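# Architecture at a glance
Each chain, written out:
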Amino acid sequence: MQVRTRFAPSPTGFMHLGGLRTALYCYLFTKKHEDGKFILRIEDTDQERLVEGAVEVIYDTLRGCGIHWDEGPDVGGPVAPYVQSERKDSYLPYAKQLIDEGHAYYCFCTKEDLQQRREAAEAQGLTWKYDKHCLHLSKEDIQQKLDSGIPYVVRQNTPVTGDSDFDDLVYGHIMAPNETLDDMVLIKADGMPTYNFANVIDDHLMGITHVIRGMEYLSSTPKYNLLYKALGWDIPQYIHLPTVMRDSKHKLSKRDGDAYYSDFVKKGYLTEALINYLALVGWNPGDEREFFTMEELQQAFSVEGLSKSPAIFDINKLTWFNAEYIRKLDADKYLELAKPWFDSVLDGKGIDYTRLAQLMQGRTEVFNRIPEMVAFLGERPAFDTSLYENKKQKSSLETTPDALKLSISLLDSVSDWTEENIHKALMEGIAAAGLKNGTVLWPLRIALSGLLSTPGGAIEIAFLLGREESMRRLESALDQLA
Ligand code: GLU
């Protein structure tokens, strides 16, 4: 049997991390199978929610992440079209077939009708599921309403007794009493199918063998299965995935800026790190490995490694992965990626970015943390003179003025402003004065940067700042102590 899976996003303009993980698992699962086909289907039947450019966001995100589809709107394929709105006409005939066979019915009730009947039922202490009111209209009545253009929806006629059950490859055996299954809408008043209907029709017509999707669809799946059965179709295998959560109580949310792929790209997370970590949110390889390329994921992935417990997306863990991936970048690539972040606070300051990048690469966890770490090179922040006090470095407020004066005279003697020359001049001068290195270098770094901790020491910072700026900062630091 050829494995055929699909990723079926709705074009909202954003790629939710949960959706991206679904796409990833779908892709990995498919690629485990010889000649497996991974299909991209755009679910845009909710016409009110359409967003311009949203389909491109889906394409760009998936491709950028190394997730490639074999069939889809832009690449075509044997069961085209792959956009649901373009398949609009294929759903109604199936709805009609279901109506003819008693598995669905035209419903002409307005929202108000339904509300009223719900309230009446509840007033009598009855739990109101759905009263199948329109199911009992006569054929003539129905035809007359249709002819006179009264708006209608098509509802599924779910059984009221018995149970529905199925096996999910992650969640195991699922059983639902039919009385809990509502008569969901299949065709909306605008003639478009609901997701609930379209997913069944399309998954069948597209030959989908394994449905891989978020577990929010698990509880509706018995209703989908009733539709498959009513239409005489094979039910696919199901792989429902646990929701990606921020912690045990909260979902990732738009408001917290932690829900969308683009949020993380904007902050300066690397796609490779994100994909690597995302793969592990809800799946484990069964051994101690943590680092995976896409090829390695394809090798390692298996349904058995999927977990049904809530999948916690730990931002700290992602950040750790990201730092590891950043460390492994080529120096040139790091510089290319860091440059806009350097520019945001250092543009026009004449800083040697190549050297700065060398100092920063091992210290960058996320690119958006760069500006606050390097901003002092553009402008020294105001600082308290207590920073000069450091017992271990043998530096105090008493030793600092002379130490700074010594630094000024030693740096003044450097003719060619290279790190090597700065180093030599300072070390020789400190030794000649019979001082400890820390007594001079600690206050020097504080005076140059205004910060307790910096990427790089006094010598690197002096080099990056240049002679003039270094001297200016040292003189003003001395003034501050006077
Ligand atoms: N369009 C649905 C969504 O975006 C797809 C669910 C499914 O994969 O069946 O959640």
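Everything numeric in this text was worked out from a predicted model, so none of it was measured. (Residues numbered from 1 in each chain as written. Predicted model: local features only at pLDDT ≥ 70, side-chain atom pairs only at ≥ 80, totals over all residues. Heavy atoms only, no water.)

Moving on: helix α2 (residues 54-64). All of the buried residues in α2 are A54, I58, Y59, T61 and L62. In this fold, the buried residues of α2 make contact with β1 (4-7), α1 (17-31), β2 (37-40) and α8 (261-267). The positive-phi residue at the C-terminal boundary of α2 is G66, with phi of around 80°. (Buried < 20%, exposed > 50% of the residue type's maximum accessible area, 1.4 Å probe, protein only. Helix = DSSP H or I, 4+ residues; strand = E, 2+ residues; numbered from the N terminus. Contact = heavy atoms within 4.5 Å.)

Lining the immediate surroundings of the ligand are R6, A8, P9, S10, E43, Y195, R213 and Y217. In this structure, a nitrogen atom belonging to the ligand sits 3.1 Å away from a side-chain N or O atom of S10. At a separation of 2.4 Å, an oxygen atom of the ligand approaches a polar side-chain atom of Y195. Protein contacts shield 82% of the accessible area of the ligand, which totals 290 Å² for the unbound molecule. Cavity membership is defined here by more than half of the atoms lying within 2 Å of grid points; on that basis the ligand lies in the largest pocket. In the shell around the ligand, the residues fall into four nonpolar, one polar and three charged. (Near = heavy atom within 4 Å. Polar contact = N/O pair within 3.5 Å; in protein donor to acceptor, adjacent residues only side chain to side chain. Areas by Shrake-Rupley, 256 points an atom, 1.4 Å probe, with all protein chains shown as cover. 1 Å grid on protein atoms, 1.4 Å probe; cavity = no way out; pocket = protein on both sides within 12 Å on 5 of 7 lines; lining within 4 Å. Sits in = over half its atoms within 2 Å of the grid points. Nonpolar A, V, L, I, M, F, W, Y, C, P; charged D, E, K, R; others polar.)

Attention now goes to the pattern of salt bridges. The tally for this structure, following the rule as stated, stands at 24 salt bridges. For R6, the salt bridge goes to D203, with nearest N and O atoms at 2.8 Å. Note that R6 is positioned in strand β1 and D203 in helix α6 (residues 195-205), a separation of 197 residues in sequence. (Salt bridge = Lys/Arg side-chain N within 4 Å of Asp/Glu carboxyl O.)

With that out of the way, let us pick up the packing of aromatic side chains. Scanning the entire structure with this criterion turns up 24 aromatic pairs. Pairwise contacts between aromatic rings join F264, Y269, Y277, F291, F313, W320, F321 and Y325 into one cluster. Against the face of W442 rests R445, its NZ or CZ located 5.0 Å from the ring centre. (Phe/Tyr/Trp six-rings, centres within 6.5 Å; stacked < 30°, edge-to-face > 60°. Lys NZ or Arg CZ within 6 Å of the ring centre and 35° of its normal.)

Our focus in this paragraph is the state of the cysteines. Evaluation of the coordinates by the stated rule reveals zero disulfides. Left without a disulfide partner, C65 is nearest to the cysteine sulfur of C26, which lies 14 Å away. (Disulfide = S-S within 2.5 Å.)

On to empty space enclosed by the protein. In this structure the tally under the stated criterion is one cavity of 30 Å³ or more. Volume-wise, the largest cavity comes out at about 30 Å³. Taken together, Y25, C26, F29, I212, I239, L241, F301, V303 and L306 make up the full set of residues lining the largest cavity. Elements supplying a minimum of two residues to the lining of the largest cavity: α1 and β9 (237-241). Top contributing element to the lining of the largest cavity by residue count: α1, with three residues. Across the lining of the largest cavity, the residue classes break down as nine nonpolar, no polar and no charged. (Points joined across faces, edges and corners; volume = space filled by probe spheres on them.)

This paragraph deals with the pairing of strand β5 (residues 163-168). Side-chain direction in a regular strand flips from residue to residue, so the side chains alternate between the two faces of the sheet. The side-chain alternation of β5 yields one buried face, formed by S164, F166 and D168, and one unburied face, formed by D163, D165 and D167. Of the pairings in the sheet, the one linking β5 to strand β6 (residues 172-177) comprises six bridges and is antiparallel in character. What sits directly across from D165, in β6, is M175. Hairpin connection, β5 to β6: the antiparallel pair is bridged by three residues. (Pairing = 2+ DSSP bridges.)

With that settled, the discussion passes to a negative patch on the surface. Taken together, D163, D165, D167 and E179 make up a surface patch of like negative charges. By relative accessible area, which is 53% here, E179 ends up exposed. (Patch = residues over 30% accessible without salt bridge, like charges linked within 9 Å, V, L, I, M, F, W, Y side chains within 5 Å. Lys, Arg positive; Asp, Glu negative; His and termini not counted. Charge placed at Lys NZ, Arg CZ, Asp CG, Glu CD.)

So, on to the pairing of strand β4 (residues 153-156). With burial as the criterion, each face of β4 is covered, one bearing V153 and R155 and the other bearing V154 and Q156. Sheet topology note: the strand β3 (residues 104-107)/β4 ladder contains four bridges and is antiparallel. By the bridge assignment for β4, A104 is matched with Q156. The pairing of β4 with strand β7 (residues 185-187) spans two bridges and is antiparallel. Of the residues in β7, the one forming a bridge with R155 is V185.

Put simply, A80 and P81 share a cis peptide bond, and its omega is -5°. As for its placement among the helices and strands, P81 is situated in the loop between α2 and α3 (91-100). In this model, D35 sits at a positive phi of 65°, which is unusual for a non-glycine residue. Following the sequence through the fold, D35 ends up in the loop between α1 and β2.

Approximately 1100 Å³ is the volume attributed to the largest pocket. Those elements giving two or more residues to the lining of the largest pocket turn out to be β1, α1 and β8 (210-214). Here the residues of the lining of the largest pocket are counted per class, giving 16 nonpolar, eleven polar and ten charged.

A word on the sheet that holds β3. With respect to topology, three strands assemble into an open sheet ordered β3-β4-β7, the strand pairing being antiparallel. What marks the edges here is a single partner per strand, and that holds for β3 and β7. Mean inter-strand twist for the sheet, computed between neighbouring axes without regard to direction, equals 40°. (Axes fitted to C-alpha atoms, helices over the stretch in contact; angles between N-to-C directions.)

Examined against the element boundaries, Y82 turns out to sit in the loop between α2 and α3. Between the C-alpha atoms of Y82 and K111, which are 29 residues apart in sequence, the distance is 32 Å. Residue contacts for Y82: discarding those within four places in its chain leaves I39, L40, R41, I42, E71, G72, P73, G76, G77 and M206. At a separation of 3.1 Å, a polar atom in the side chain of Y82 contacts the main-chain amide nitrogen of V79.

A few words on the environment of V303. Following the sequence through the fold, V303 ends up in the loop between α10 (294-300) and β11 (311-312). Sequence-distant contacts of V303, that is, excluding residues within four places in its chain, are made with F29, L169 and I239.

Where helix α9 (residues 271-279) meets helix α11 (residues 315-327), the axes come as close as 9 Å, and the angle between the chain directions of the two elements is 135°. Judged on the interaxial angle alone, α11 and α9 are oblique. Every pair of crossing elements has a handedness; the one defined by α9 and α11 is right-handed. Together, E272, A273, L274, N276 and Y277 of α9 and K317, L318, F321, N322 and Y325 of α11 make up the contact between the two elements. Class assignment of the residues belonging to the contact of α9 with α11 gives a composition of six nonpolar, two polar and two charged. (Parallel < 35°, antiparallel > 145°, perpendicular 65-115°, else oblique. Left-handed = near helix turned anticlockwise from the far one by under 90°.)

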